[in-house]
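So you can see what is in the structure, the chains are spelled out below.
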Amino acid sequence: DEIEAAIPSLRRYAHALMRDRDAADDLVQDSLERALSRRHLWRGDGPVRAWMFRILLNLHRDGLRQTPRRHLVAVESLLKEPAGPERQEAHMDLREVQAAIGRLPDDQRRALLLVALEGMSLAEAATLLDIPEGTLVSRLGRSRAALREMTGRTAPQKKEGRA
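Rules used throughout
- Residues numbered from 1 in each chain as written.
- Predicted model: local features only at pLDDT ≥ 70, side-chain atom pairs only at ≥ 80, totals over all residues.
- Heavy atoms only, no water.
- Helix = DSSP H or I, 4+ residues; strand = E, 2+ residues; numbered from the N terminus.
- Buried < 20%, exposed > 50% of the residue type's maximum accessible area, 1.4 Å probe, protein only.
- Axes fitted to C-alpha atoms, helices over the stretch in contact; angles between N-to-C directions.
- Left-handed = near helix turned anticlockwise from the far one by under 90°.
- Contact = heavy atoms within 4.5 Å.
- Nonpolar A, V, L, I, M, F, W, Y, C, P; charged D, E, K, R; others polar.
- pLDDT = per-residue confidence, 0-100.
- Salt bridge = Lys/Arg side-chain N within 4 Å of Asp/Glu carboxyl O.
- Polar contact = N/O pair within 3.5 Å; in protein donor to acceptor, adjacent residues only side chain to side chain.
- Expected span 1.5 Å × (residues − 1).
- Bend = angle between axes of the 7 residues up to and from the residue.

The bulk of non-glycine residues show a negative phi, and the bulk of peptide bonds are trans. Positive phi outside glycine occurs at aspartate 130, with the angle close to 60°. Along the chain, aspartate 130 falls in the loop between helix H7 (122-129) and helix H8 (133-150). Taking the relative accessible area as the measure of exposure, aspartate 130 reaches 62% and is therefore exposed.

This is the structure we're talking about:
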């Protein structure tokens, strides 16, 4: 039941990593097959969802080693409804951010998508990526700064009088 409950999140993350819906679905299917065939290896020391994400991420990394290529976030997977004339500017902004996310280094993109797209806590994402939490925070900061620069947006200004 917990594996089944993780499938929508796995699909969303895989689509964001792969950009190709069919390739992403294949990645999720491979992850599910691996989890089911190796469920006896799960130590039970954390949530099943985190274990599933680790399997998916490891399979994705293995695939990148075999065929190195850049994967962009698919805008279509992030949109809930088609863009109409009144939403064209927002749609263009989303495409600009999508392209910028695709240009991020893989380690920064993975960290950003886990926290921003999947809503994982810093501790969950750091554990999943097998890095210290401080390293994750640093990657998130660098990825956000790079996105602001690539999209021509400036960092939020600190209000005076606030500590």
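Structure shown, so let's carry the discussion forward.
For the rest of this paragraph, the subject is the packing of helix H1 (residues 2-18) against helix H6 (residues 106-117). At their nearest, the axes of H1 and H6 sit 11 Å apart, and the two run at 145° to each other. Crossing hand, H1 versus H6: right-handed. Where H1 approaches H6, its residues Arg12, Tyr13, Ala16 and Leu17 are matched on the opposing element by Arg109, Arg110, Leu113, Leu114 and Leu117. Within the contact of H1 with H6, the residues separate by chemical class into six nonpolar, no polar and three charged.

Once that is clear, we can look at the confidence of the model for the protein chain. This prediction gives the protein chain a mean pLDDT of 80; 79% of its residues lie at or above 70. Here helix H4 (residues 75-78) is the element of the protein chain with the lowest mean pLDDT, 48, and H8 is the one with the highest, 93. Predicted confidence for residues 70-80 stays below pLDDT 50, and this span has 42 contacts to residues more than four positions away or in other chains.

Before going further, it helps to examine the pattern of salt bridges. Overall, the coordinates contain five salt bridges when judged by the stated rule. Across the pair glutamate 118 and arginine 12 runs a salt bridge whose closest N-O atoms are separated by 3.0 Å. Taken together, the residues glutamate 118 in the loop between H6 and H7 and arginine 12 in helix H1 connect sequence positions 106 residues apart. Taking relative accessible area as the criterion, glutamate 118 reaches 8% and is therefore assigned buried. Three or more residues are tied together by salt bridges with common partners; here these are Arg12, Arg49 and Glu118.

To continue, consider the side chain of glutamate 118. A polar contact is formed between the side chain of glutamate 118 and the side chain of arginine 49, at a distance of 3.5 Å. In this structure, glutamate 118 is in contact with Ser9, Arg12, Tyr13, Arg49, Phe53 and Leu113, ignoring residues within four places of it in sequence.

Given 3.6 residues to a turn, an α-helix orients residues that are three or four positions apart in the same direction. With 17 residues, H1 extends 24 Å between its outermost C-alpha atoms, agreeing within 8% with the 24 Å of an ideal straight helix rising 1.5 Å per residue. Along H1, the sharpest kink reaches roughly 35°, centred on proline 8. Burial in H1 covers these residues: Ile3, Ala6, Ser9, Leu10, Tyr13, Ala14, His15, Ala16, Leu17 and Met18. Looking one or two residues past H1, arginine 19 carries a phi angle of roughly 70°, positive in sign.

Let us look at the environment of leucine 10. If you trace the backbone, leucine 10 turns up in helix H1. By relative accessible area, which is 0% here, leucine 10 ends up buried. Placed 15 residues apart in sequence, leucine 10 and aspartate 25 show a C-alpha to C-alpha distance of 9.2 Å. Excluding anything up to four places from it in sequence, leucine 10 contacts Val28, Leu32, Met52, Phe53 and Leu56.

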